[in-house]
Every structure is written in structure tokens, then in C-alpha cells.
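One-letter residues, chain by chain:
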Amino acid sequence: MSSRTCHTCGGTDIDVDQARGSAVCTSCGSVLEDNIIVSEVQFVEGSGGVSSAVGQFVSADGPVKAPQLGSGFHTSVGKESRAQTLQSGKRQIQQLGSQLQLNQHCLDTAFNFFKMVVSKHLTRGRKMEHVIAACLYLVCRTEGTPHMLLDLSDLLQVNVYILGKTFLLLARELCINAPAIDPCLYIPRFAHMLDFGTKTHDVSMTALRLVQRMKRDWMHTGRRPSGLCGAALLVAARMHTFRRTVKDVISVVKVCQTTLRKRLTEFEETPTSQLTIDEFMRVDLEQECDPPSFTAGQHKTKMQQLENELTRKLDEVEGEISCYKNEIETELEKSRPKLRGIYAAYAREIDPEDTEVLSSASDLEEAESEEAELQAATQHLTQDFLCQVMEEEVGQDRKTDGVRQKMGPEEEGGGALRQVAPLATILGKLTTTAPFDLQQTFDPSPEDDETEHGVLDLDGIDDQEIEKYILNDREVQVKTELWMKQNAEYLQEQREKDERIRKEKEQGTYKEKKKKKSKKGEQVEALTAGEAIEKMLEKKKISRKINYDVLRDLNSRGGGSSPAHPPNTNTDVQQKLSRRRQRRSSGVNYELAANASIMGKRFHRLISTTTTTTKKKKRVESQVQNPVTMTTTTTTTTTTKAVAETSHDPEPHPTSSTAVPPTVEEEEEEEVEEEECVSALQLVGDYGCEEEEVF
Amino acid sequence: MDSSNDDALDIIITNVVATFRTRCHLNLRTIALEGTNVIYKPEVGKVLMKLRKPKITASIWSSGKIICTGATSEDDAKVGARRLARCLQKLGFKVRFSAFKVVNVLAVCSMPFAIHLVDFTKNNRPIASYEPELHPAATYRIKHLKATIQVFSTGSLTVTGPNVQNVATAVEQVYPLLFECQKPLREKRRGELRSQE
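Note that this is a predicted model, so its numbers are computed, not measured.

A separate point is the overall build of chain B. Tallying secondary structure elements over chain B gives 5 helices and 12 strands in all. By residue count, 46% of the 197 residues in chain B fall in the buried class. Restricting the contact set of chain B to residue pairs at least 6 apart, pairs at least 24 apart contribute 60%.

What follows covers the pairing of strand E1 (residues 11-21) of chain B. Every other side chain in a regular strand lies on the same face of the sheet, so the side chains alternate between the two faces. All names here are of chain B. Pairing geometry for E1 and strand E6 (residues 98-110), over 9 bridges, is antiparallel. Looking across to E6, one finds that Val-17 is bridged to Asn-104. As paired elements, E1 and strand E5 (residues 65-71) share 5 bridges and run antiparallel to each other. When the sheet's bridge partners are listed, Arg-21 is paired in E5 with Lys-65.

Here we come to a positive patch on the surface. Positive charge collects at one region of the surface, where B:Arg21, B:Arg23, B:Lys65 and B:Arg96 lie side by side. Note that B:Arg21 resides in strand E1.

What follows covers helix H19 (residues 488-507) of chain A. A rise of 1.5 Å per residue sets the reference length of H19(A), with its 20 residues, at 28 Å; its end C-alpha atoms lie 29 Å apart and thus fit the reference within 8%. One or two steps after H19(A), the chain reaches A:Gly508, where phi turns positive at roughly 85 degrees.

Turning next to the environment of A:Arg216. Residues and elements named next belong to chain A. With respect to the helices and strands, the residue Arg-216 is situated in helix H7 (residues 200-216). The class of Arg-216 is partly exposed, set by a relative accessible area of 30%. Separated by 75 residues in sequence, Arg-216 and Pro-291 place their C-alpha atoms 9.6 Å apart.

Residues and elements named next belong to chain B. The topology assignment puts Val-164 in helix H4 (residues 164-180). The exposure class assigned to Val-164 is partly exposed, which follows from its relative accessible area of 27%. Along the sequence, Val-164 and Asn-104 sit 60 residues apart, while their C-alpha atoms lie 8.8 Å from each other. Every residue in contact with Val-164, bar those within four places of it in the chain, is listed here: Ile-13, Glu-74 and Val-105.

Rolling a probe over the atoms, with the probe sized like a water molecule, indicates the empty space that remains. Applying the stated criterion to the full structure yields 12 cavities of 30 Å³ or more. There is about 310 Å³ of room inside the largest cavity. As for the largest cavity, its lining consists of 21 residues, and the residues nearest its centre are A:Ala171, A:Ile176, B:Arg125, B:Ala128 and B:Ser129. The set of elements that each furnish at least two residues to the lining of the largest cavity consists of helix H5 (160-173) of chain A together with strand E8 (128-130) and strand E9 (138-142) of chain B. Per element, the largest residue contribution to the lining of the largest cavity is 4 residues, and it comes from H5(A). In terms of residue class, the lining of the largest cavity is made up of 12 nonpolar, 4 polar and 5 charged.

Residues and elements named next belong to chain B. In terms of burial, strand E10 (residues 147-151) is largely enclosed, as 4 of its 5 residues are buried. For E9 and E10, the ladder comprises 5 bridges, and the chain directions are antiparallel. Within E10, the residue paired with Ile-142 across the bridge is Ala-147. Hairpin connection, E9 to E10: the antiparallel pair is bridged by 4 residues, and Lys-146 has positive phi, about 55 degrees. Alignment of E10 against strand E11 (residues 156-161), held across 4 bridges, turns out to be antiparallel. When the sheet's bridge partners are listed, Thr-148 is paired in E11 with Thr-160.

All right, on to the confidence of the model for chain B then. All names here are of chain B. The predicted model of chain B has a mean per-residue pLDDT of 84, with 89% of residues at 70 or higher. Low pLDDT, under 50, characterises residues 1-6; the predicted model gives this stretch 7 contacts beyond four residues in sequence or across chains. Taken together, the stretch residues 187-197 has pLDDT below 50 and engages in 11 contacts with residues farther than four places along the chain or on a different chain. The ipTM assigned to the predicted complex is 0.75, against a pTM of 0.50.

All names here are of chain A. When pLDDT is averaged along chain A, the result is 68, and 53% of the positions lie at 70 or above. Predicted confidence is poor over residues 606-675, with pLDDT under 50, and the contacts of this stretch with residues over four places away or in other chains come to 122 contacts. Of the regions scoring below 50 in pLDDT, residues 688-695 engages in 15 contacts with residues more than four places distant in sequence or in other chains.

Quick look at the packing of helix H2 (residues 104-119) of chain A against helix H3 (residues 128-143) of chain A now. All names here are of chain A. Where H2 contacts H3, the two axes come as close as 9 Å, and the packing angle between them is 125 degrees. Relative to H3, the element H2 lies oblique. Here H2 and H3 pass one another in a crossing that is right-handed. Across the interface between the two elements, His-105, Cys-106, Leu-107, Thr-109, Ala-110, Phe-113, Phe-114 and Val-117 of H2 pack against Met-128, Val-131, Ile-132, Cys-135, Leu-136, Leu-138, Val-139 and Glu-143 of H3. Within the contact of H2 with H3, the residues separate by chemical class into 13 nonpolar, 2 polar and 1 charged.

Time to look at unusual backbone geometry. Even without a glycine there, the phi angle at A:Asp195 is positive, about 65 degrees. Position of A:Asp195 relative to the elements: it lies in the loop between helix H6 (187-193) and H7. In this structure, B:Lys146 takes a positive phi of about 55 degrees despite not being glycine. In this structure, B:Lys146 sits in the loop between E9 and E10. For B:Lys146, a relative accessible area of 66% translates into the label exposed.

Looking now at the sheet that holds E8(B). All names here are of chain B. Here we have 10 strands laid out as an open sheet, ordered E2-E3-E4-E5-E1-E6-E11-E10-E9-E8, and antiparallel in their pairing. Every interior strand has two partners, whereas the edge strands, strand E2 (38-41) and E8, have only one. Direction aside, the axes of adjacent strands within the sheet are offset by 15 degrees on average. Pairing analysis gives 6 bridges linking strand E3 (residues 46-51) to strand E4 (residues 56-61), with the strands arranged antiparallel. Bridged to Leu-51 within E4 is Ile-56.

For the rest of this paragraph, the subject is helix H12 (residues 292-335) of chain A. The terminal C-alpha atoms of H12(A) lie 63 Å apart, and with 44 residues this matches the ideal 64 Å at 1.5 Å per residue to within 8%. All of the buried residues in H12(A) are A:Pro292, A:Phe294, A:Gln298, A:Leu314, A:Glu318, A:Ile321, A:Lys325, A:Glu329, A:Leu332 and A:Glu333.

So, how was this worked out
- Residues numbered from 1 in each chain as written.
- Chains lettered and ligands numbered in written order.
- Predicted model: local features only at pLDDT ≥ 70, side-chain atom pairs only at ≥ 80, totals over all residues.
- Heavy atoms only, no water.
- Helix = DSSP H or I, 4+ residues; strand = E, 2+ residues; numbered from the N terminus.
- Buried < 20%, exposed > 50% of the residue type's maximum accessible area, 1.4 Å probe, protein only.
- Contact = heavy atoms within 4.5 Å.
- Pairing = 2+ DSSP bridges.
- Patch = residues over 30% accessible without salt bridge, like charges linked within 9 Å, V, L, I, M, F, W, Y side chains within 5 Å.
- Areas by Shrake-Rupley, 256 points an atom, 1.4 Å probe, with all protein chains shown as cover.
- Salt bridge = Lys/Arg side-chain N within 4 Å of Asp/Glu carboxyl O.
- Lys, Arg positive; Asp, Glu negative; His and termini not counted.
- Charge placed at Lys NZ, Arg CZ, Asp CG, Glu CD.
- Expected span 1.5 Å × (residues − 1).
- 1 Å grid on protein atoms, 1.4 Å probe; cavity = no way out; pocket = protein on both sides within 12 Å on 5 of 7 lines; lining within 4 Å.
- Points joined across faces, edges and corners; volume = space filled by probe spheres on them.
- Nonpolar A, V, L, I, M, F, W, Y, C, P; charged D, E, K, R; others polar.
- pLDDT = per-residue confidence, 0-100.
- Axes fitted to C-alpha atoms, helices over the stretch in contact; angles between N-to-C directions.
- Parallel < 35°, antiparallel > 145°, perpendicular 65-115°, else oblique.
- Left-handed = near helix turned anticlockwise from the far one by under 90°.

Structural data, given as C-alpha cells:
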């Protein structure tokens, strides 16, 4: 409706009719415009009398082409990269958000965050799913929904700390201050999952009170809120006479048993735990506790202090004792009958052992000098003896009986052992300082200093010591041998690789292969060994002729008996083995069930090893012979045997499968359908070859 | 509240990481075979050498770059690095000691009071962050000092920074903030602490 003037009469009063789309001058009546573009909403009658508005919704997100019928390709048709990213992000957010049961408002907010992230180029170098998850978690935190980061990581199968890292980074960059998590948020959610029926609300309330109490007692700082919730819910459930075991709670709350128990013990130590249920609901204690780790730290320091005091006192006591000991010894020396002649020689030997024991069976001699000598000798010898004893003690795990005897009766019995320790420390110090003294005598003569830039300034560097760091020739030889032996396979491989490359070069077929990062074997997530086998089989598509259904049934039986697989080659060896096993296996069936668990565990290992790439095929070949001989001699059951072999071969070679086998005959003794089953071990071994079994 | 309290806070440096270059190519196999206290890791391509005197572990690459970790002070790190270079020289390489730089310093410190982490984070919003689901400590990053402080609820701190001076400054800076959010100890505890001191 522009204020125009009429051409003919100059009048400004123009009447615009929206319905007809015309503009007419009211004074002279001339039509100024016809077919003005109207912006009315038009309705159309559809089938069944339904009126619908005409038009299309245009998204506010940018130039989006109308989806063409029959193409289904919304993404890659002539759009710029940014729009594509945003659209794909939106889709992923919707997907993930619906799994978390977030409402539309949250999802829109998350998408806004995502747009901000993209505009700040923070998606570069990060996986899209991590970024999406972080955006969603941001929304959860700001809205205060009871979603944990753990839930997101469960859905995406990503390590929770990686997600956490991304989340922290985004929060920092977008300057979004997410409020801290309150454990009270999670209580209703967990309570629902724990299935309390009509009393859910009561239990939740009690648990809430408990959590608040825990917060006041400083148990919640630095801890995962889910752990606290778990403990509170467990106690609340018990208070309302629901029997919820620790296992139930931890499966819901996703912490481990130890954590839960620890929280419970910590709560036990607070004064609140002493109240009865009624008291707790009514009264709230005034005092607050210190955080448990703080008290633990205090406790530790106190223990250490006590220990220090103890050792100090011991030292004092020890000092006293040694005083007494010296005095007693001197007295004994004086009163001891002196030995003469040949006996003197003996005396010097037996002296250390019998310092306190009077040996009265020999003649005396009155020489003062001898006495002094003897005294000195005894002193010296006792010291030596003590050293020896220390070493013995240290070496022999505290065999103190002999020592106690020798140490003698005049020392308090209990004090003996403790005395040994402090003496050891004293003597120990003596022995170790010796080399240091020697060291320091070789004082470092300062080397010639080259003062050029970048060259080593050797001031204060002890060359002698550095010499020690370098082995001499002989040692080098020994070490070289050792190293060569240890890394023989690696070197062998390197050599072969070089040869291969050389050959290819000669032939002209050498291709410069870029070193690929070895793909880590994907961890097969499975609850039981059976599931793991299934998944692996699906992935590898081992054989068309295997009856997978029967294989699955294996599990339901508890893996009771390993399925049969008629051998491919070396049938005579096989049959011999099988016959032998048949004899042994008759009484074995009941054991199989027990071994199933072992087998399960080993299968798991087997699977994880088979999916990783190994370089050592050659080694396998050489080892194949060994299992064959081994199997014939072991007396364990067939299943464990079979498993033991495969655990030797990281990648079972086709020929090794011949040595493997659980037998056909054995199965014939059992139910018929088992005959058609294929041993999973065989499957794994045979995925290279096509010689299939006959059912 | 003063920025330094009555009894001084002990900042104990636990680790200093430094790098330097030898300006020459090193043959790792020789080092591995002729040195004591060496671990050779061919798959990664480095040799770990441990020294006893300043207790130091060094990662030696064949390009001549060396990283020294485990020293307890900056001087110690330098002495250890020079020792190491001397050792390599003796093994026969033409080693020149250049570009020595202390890259990281890790220190621990303990406050005499417990800290309420939630309050601390609330007061220092964008600089401090606390995620109990991920880590029990609150992280406080000082951008201009390039230092990171991890604050635990028991009052212990770990500080990492590019050099010792920065670390000390960081502790000084953060102390008043922590003092505000401290948790008052119970009377009994306070009495015990005093008797211990």
C-alpha cells in the first residue's frame, strides 16, 4: 500500500482491494494496478472434505530445496557444506535425543548449541557423534534433566571420559556455565527403575532425605552422584522393608560394588547412622562431619606420627639395652675362665656364638693383654656376627628363632626382634655409605670446557660415574647376544621383509606401501561367549553350509558338549585320536558342563585374539606339530584340550584344525542333533578352506 | 584474609619435564646395547634411559630429541640432562647440548582446611570447572600464567605450569579464592590439628 498518486487526477486516495488484487483511485476511478500480488492464505478442499492451507513450509535454516518426490536424497543435492553439516547434525540430534526421551524444546536448544559450535569451528578434528553427544548433555545439564553422561556413552558405546573431555571443552568455549549436578535429581529416576510399586514416592522421599544428610556430612564432594544415590536408595529400600540387594542397585545405578560398600561404610561412620528410622525422619542432627577422605588423611598422618614416636622410643630403649649388653659382656669377660694354648684358637671361633654362655671347661690365664685382646675380638666378632645375622634375616624371611637364642637370655624376649631391626638399619646405613665415600675420593677433575655454543658444559659431571653407565666390551657382547635372542623373531621378520622387497624390486613389481595403522581388533561386545561367537561368525561369514541355528542352540544347553566336526585331512590320525578320546570321554559328559564355563572364557579369548591381526603365521606352523603330540598325552577332557590348543595358536592354521577336534564318535553317543553342530573352533580354523563337513 | 597465611604453605615440586636436542642423529640400537639401565622400545622408536644420580628418566629418539622427566628441580633437570648428554658422548656420538628448555613443572601443595568445591566453582564460573562424574577435583585454569590447578575437597592442590615461578604465582593467586570457600572444621578437629602442630 504505497501512497501513490493517481496519474490522471493526482489524487492520493487509492483504494487497494486485496481480494481482487487491484488498486483504484477513488476520486477519478481509474485503475492503477491489476493483479497485485496477494499474501492471503488460501484453502483447498482435500479428499473427505478436509480443508488444508495451500503452500509449503520453508525452513528458517537456509536455502533448502523442496524435497523432490522419488529422490529421497536430501543431503547432497547442490547445497553448501555448512548447510549440509547443520542438517546432518540436526538429524543426529533428533535421533539421539529421541532415544533419551528429550522433549522438542530441549532438542531445539541442543541444535542451537550445535550451530554455535559449528560457527566457532569446534567440530574440526572431532567426531560428529562426540560433538552431538556433548551438545545434548549440555542441554540436559542446563535444563536439569536426570540424564547422566554415562547414559550417553552407553548409547554411543564411547568411553565416558572422551565424551567428558569434549563436553568440558564445548562448555568452556561457549561460555555456558552448567550448574553442578545434584544427586537429588537422579533419585526419582533410579527409584522408578528399582520397581517399588506404590511406595515409590515414599522411598524416594526417604532417599532424598538421606542424600541431603550425606551432602551435609560432606560425602558428596568429589564423588560421583550416582554412587551416593545408590547407597541412599539401598538404605531407603531397606527402611521400607523392600529387599533390594546390592546387585540390583548397582545394575541400575552403574557403579561397582566396592564403591557402594564404601559409601555405606562412610555413612555408617557418621553420627546420623546411629539414629533409628523414626528418629531420622523426625530429627536432623546439627553437627556436620568432615569429608571422609579428609578424615582418612588425618588418620594416616596420625598413624605415621605414632609410628615415628614408636621408632624413637625403640631407639632409646635399644640404646639402653646395648649399654646393658656391653656392661654384661665386660663382666662376663672378666669372670670367664681364660683359655690357653690350643683352646685359645677354638675360643676365637666359638666366641661369637657363646659370648653370653660361660664356658667353664678350660684353664684360665691371667694375662691382661690377652683379655683385652679377647674383648676387642669379641666386640668385633659380635658386630660381624650381627651383620651376618642381619643378612640372614633379610634373606630368610625372618627366621628369628635361632637368632633369638643367640641373642641371649639377658635381653627381653620381645625386645629381641625389634632390636634386630633398628640395628639392621644402623648397620645398613654404615654399609651403604662406604661406597659413597669411595666415590667422593675420585673427585671429578673438571673436563676441558669448550665454550662454543651448543657444546657440552661438563661442569660438575662426574665422569667416573658415567663410565659406569657404559658397559665394557665383554658386557656388550653378552648383552648383544641376549638381545638378539630375545628379539629373534622380530629380526627374522625384518630380514624376510627386506628380502621380499628386494625380490619385488628386481621383478619390478615393488609397490611403495604406505604403513597403515593396524586396525585394532574391534572389541566384540557380548554378554556371553556364545553371543560373542555369534557376532564374530556373522561378521566373518565363515561358511554357507553351517547351520547357524543349531550353533545358537549350543548356548542354551550351556555349551554342554562341543559339537562334532569330522576332520578334513589326516583322517587316520584323527580317528586314532578320536577313538582314544572316545574311550576316555565316556564318563566325561558331566564334566563338560562344568568345563563349559572355562570354555566360555577361553572362547572369548579366542575370539579377541582371532580378530586382531597377527604377524606370526610362520610360528604357528612350527607350533602346529606340538599340539598334536600334546593332545595325545594329556588326560584332560576333550573340550579343555581343544581349547588349550587353540589358545596356543593365535591364528589357527587350517592344518592345525586337523589336530583339534572334538570327535564325531563322541557325539554319536549323545543326542543326535549334536552331530550336525559344528565346533566353533573348527569354524574359526576353517574359514580359509572350503572342504566342508558332511552333515 | 592475607594472601600468605601464618605458617607458610609448602609447595613441593614433584616433577620437572625438560627437553633438549643433541643436534646429531643417534643410533638407538647402539645405545640399547651398550648402555646400562636402558629399555629399548623398537615399536615406538625410542630408548628409555634411567639415571640414578639425579633420578631421571629420559626418552631418547633417533632424531636427537630427548625428553627428561622425573627431576625434582629445574637445576636438577639441567644437571641430569647434561649428564645424559655426556653419557651419549662417551658412547661415541657427536653430541652437542642445545635448546634445553623446561617444559612442565608439577607441584603439590596442601591447604590446612577443606574446601567446598561447589561454592568454589560457582564463584569462579568460567575459569573453574567441576565435573564430579569425571574427576573428583575442580580444575582452575589461569590463562595468562598458563597454569592449571586441580583443587581437591580435602584441601590438597596439584599445580602444573611451565616453570617454577609460574607455579608459585598461581598458588598465591588461588589462595584467597580458596580461603573464601573453605569448610569450617568441627571444633574437635580443630583442637586435634592444633595439638598436632
